Amino acid sequence: MPLPEITERVPLTLPDGRLDRRAVGWARRPLVDTDGVGRGLRGRGRTKRWEYWGVMTPTHVLALTVSSIDYAAVHEVWVLDRASGRTWGAAATVVPSRGVVLPGTLGDGPARARAKALAIDLDEVEGGTRLRARTRDVSFDVVAELPHGHERLAVVVPWSDTRFQYTVKDVARPARGTLWVDGRTVDVPAGSSWAVLDHGRGRWPYDVRWNWGAGSGESHGHVVGLQVGGRWTVGTGSTENAVLVDGRLHHLPDELVWDYDLADPDRPWRVTGGGLDATFEPFRTKVTRTNLGVVSSSTDQCFGTWSGTFTPPGGTGARPVRFAGLDGWAEEVHNRW
């Protein structure tokens, strides 16, 4: 049965904190109210809330995370120089969770993180979202613009009535601003910089694995955004796969096939299915390992460029959209949390 498209505002949870099945589906806008996530005794300790922004510029990669995973606040600011490979930034894990502000529902207020090594502020402003991050050795101030009519993939993934996730994957947001690093001021140039949001609210299983890939850019006369995922949605009936072409979202309802080898970091990744044939060429891998016994995390996030073709649904007459040089990333993650 095809996953329904949600077109009206709906709550994610019932009054007792269980999943409201009316929210299960996908949407072109953030229509799900997540204020009720965390209510009730069921699933205590399993609530996860976060905002992740990644910004690709011609010279640098900027990334930030503001999160609360119920028993801890986990934040990061990270900057990569694409030419030299040098990195700057800081990460913080605060137990118990404190010094963090996250809106109940996307767009309903600011997100803030304060820890010894970093400060992050996310604010909705006229025309987009302002991203500010600061550590001892690097800071940036960027606006991720929200063009008129720009569509965003919003999906509810239901493992059960007490385990579920609402995600908004927002790709190809034009970005502009300033980066300060090593005493230098570096432009985040409009027209060639792109931001991506991963917004999450839900209650998660303890042990989970996922793939995620995103790409953004102008190619062959179109603005193209690529959003692909895998593993964590298998068996739920939901997917987080979509291609954005000139602001119009094309949801891919089927699971995609991922082909890659982390043991060979220079080997291209390939993601296919649903009219998409995409190849990812990595140029840098960020490896993060955390092992605190009961809680552990393993992330291999590769940065690079996407190329390929996408044939929109619509029968044999649909013309393929070609794309190349989309800046982005692809990752494999295993969390026990």
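Scroll up to find the structure.
All values reported here derive from a predicted model rather than from experimental measurement.

The rules we used
Residues numbered from 1 in each chain as written. Predicted model: local features only at pLDDT ≥ 70, side-chain atom pairs only at ≥ 80, totals over all residues. Heavy atoms only, no water. Salt bridge = Lys/Arg side-chain N within 4 Å of Asp/Glu carboxyl O. Buried < 20%, exposed > 50% of the residue type's maximum accessible area, 1.4 Å probe, protein only. Core = buried A, V, L, I, M, F, W, Y, C linked by side-chain atoms within 4.5 Å. Helix = DSSP H or I, 4+ residues; strand = E, 2+ residues; numbered from the N terminus. Pairing = 2+ DSSP bridges. Axes fitted to C-alpha atoms, helices over the stretch in contact; angles between N-to-C directions. Polar contact = N/O pair within 3.5 Å; in protein donor to acceptor, adjacent residues only side chain to side chain. Contact = heavy atoms within 4.5 Å. Phe/Tyr/Trp six-rings, centres within 6.5 Å; stacked < 30°, edge-to-face > 60°. Lys NZ or Arg CZ within 6 Å of the ring centre and 35° of its normal.

Considerations on the pattern of salt bridges
And step 1. Scanning the model with the defined rule gives 23 salt bridges in all.
And step 2. The partner of aspartate 20 in a salt bridge is arginine 22, and the shortest N-O contact between them spans 2.7 Å.
And step 3. A residue is classified by how much of its surface remains accessible, and aspartate 20, at 4% relative accessible area, is buried.
And step 4. Residue arginine 22 is classed as exposed on the basis of its relative accessible area of 57%.
And step 5. A single salt-bridge network, built from bridges that share partners, covers Arg112, Arg114, Asp121, Asp123 and Arg132.

What to know about the nonpolar core
Across soluble globular proteins, nonpolar side chains show a tendency to be buried alongside one another.
And step 1. Leu12, Ile120, Phe140 and Leu179 are the most contacted members of the largest nonpolar core, which totals 77 residues.
And step 2. Looking at this core, the element that brings in the most residues is strand E14 (residues 164–181), giving eight residues.

Focus: the sheet that holds strand E23 (residues 276–291)
For sheets, the rule is that strands pair by backbone hydrogen bonds, running either parallel or antiparallel.
And step 1. One open sheet accounts for nine strands, arranged E20-E19-E18-E17-E25-E24-E23-E22-E21; its pairing is antiparallel. Of all the strands in the sheet, the pair left with one neighbour each is strand E20 (248–252) and strand E21 (257–259). The average undirected angle you get between the axes of adjacent strands in this sheet is 20°.
And step 2. Summarising the sheet, strand E18 (residues 222–230) and strand E19 (residues 241–245) pair through four bridges and their orientation is antiparallel. Across the sheet, leucine 226 pairs through a bridge with valine 243, a residue of E19.

Considerations on the side chain of threonine 236
And step 1. Among the secondary structure elements, threonine 236 is positioned in the loop between E18 and E19.
And step 2. Taking the relative accessible area as the measure of exposure, threonine 236 reaches 15% and is therefore buried.
And step 3. A polar side-chain atom of threonine 236 sits 2.6 Å from the main-chain carbonyl oxygen of threonine 233.
And step 4. Discounting chain neighbours no more than four positions away, the residues touching threonine 236 are Val157, Pro158 and Trp159.

Remarks on the environment of proline 11
And step 1. Take proline 11: it is sitting in strand E1 (residues 10–11).
And step 2. On the basis of relative accessible area, proline 11 is assigned to the partly exposed category, the value being 31%.
And step 3. Along the chain, proline 11 and aspartate 141 lie 130 residues apart, while their C-alpha atoms are 33 Å from each other.
And step 4. Those residues in contact with proline 11 that lie beyond four places of it in its chain are Asp20, Arg22, Ala23, Val32 and Asp33.

Some points on the packing of aromatic side chains
And step 1. Summed over all chains, the structure comprises 18 aromatic pairs.
And step 2. Aromatic pair tryptophan 210 and tryptophan 337: ring centres 6.3 Å apart, planes at 50°, arrangement tilted. Of this pair, tryptophan 210 sits in strand E17 (residues 207–219) while tryptophan 337 sits in the segment after strand E25 (321–336); the two residues are 127 residues apart in sequence, bridging distant segments of the chain.
And step 3. Overall, tryptophan 337 belongs to the buried group, its relative accessible area being 8%.
And step 4. Look at tryptophan 212 and tryptophan 329: their rings are 5.6 Å apart centre to centre, the planes differ by 75°, and that puts the pair in the edge-to-face class. Residue tryptophan 212 is found in strand E17, and its partner tryptophan 329 is found in strand E25; the two are separated by 117 residues along the sequence. Grouping residues by exposure puts tryptophan 212 and tryptophan 329 together as buried.
And step 5. Three or more aromatic residues joined by ring pairs make a cluster, and in this case those are Trp50, Trp159, Trp204, Trp210, Trp232 and Trp337.
And step 6. The ring of tryptophan 337 carries the charged tip of lysine 48 above its face, separated from the ring centre by 4.9 Å.

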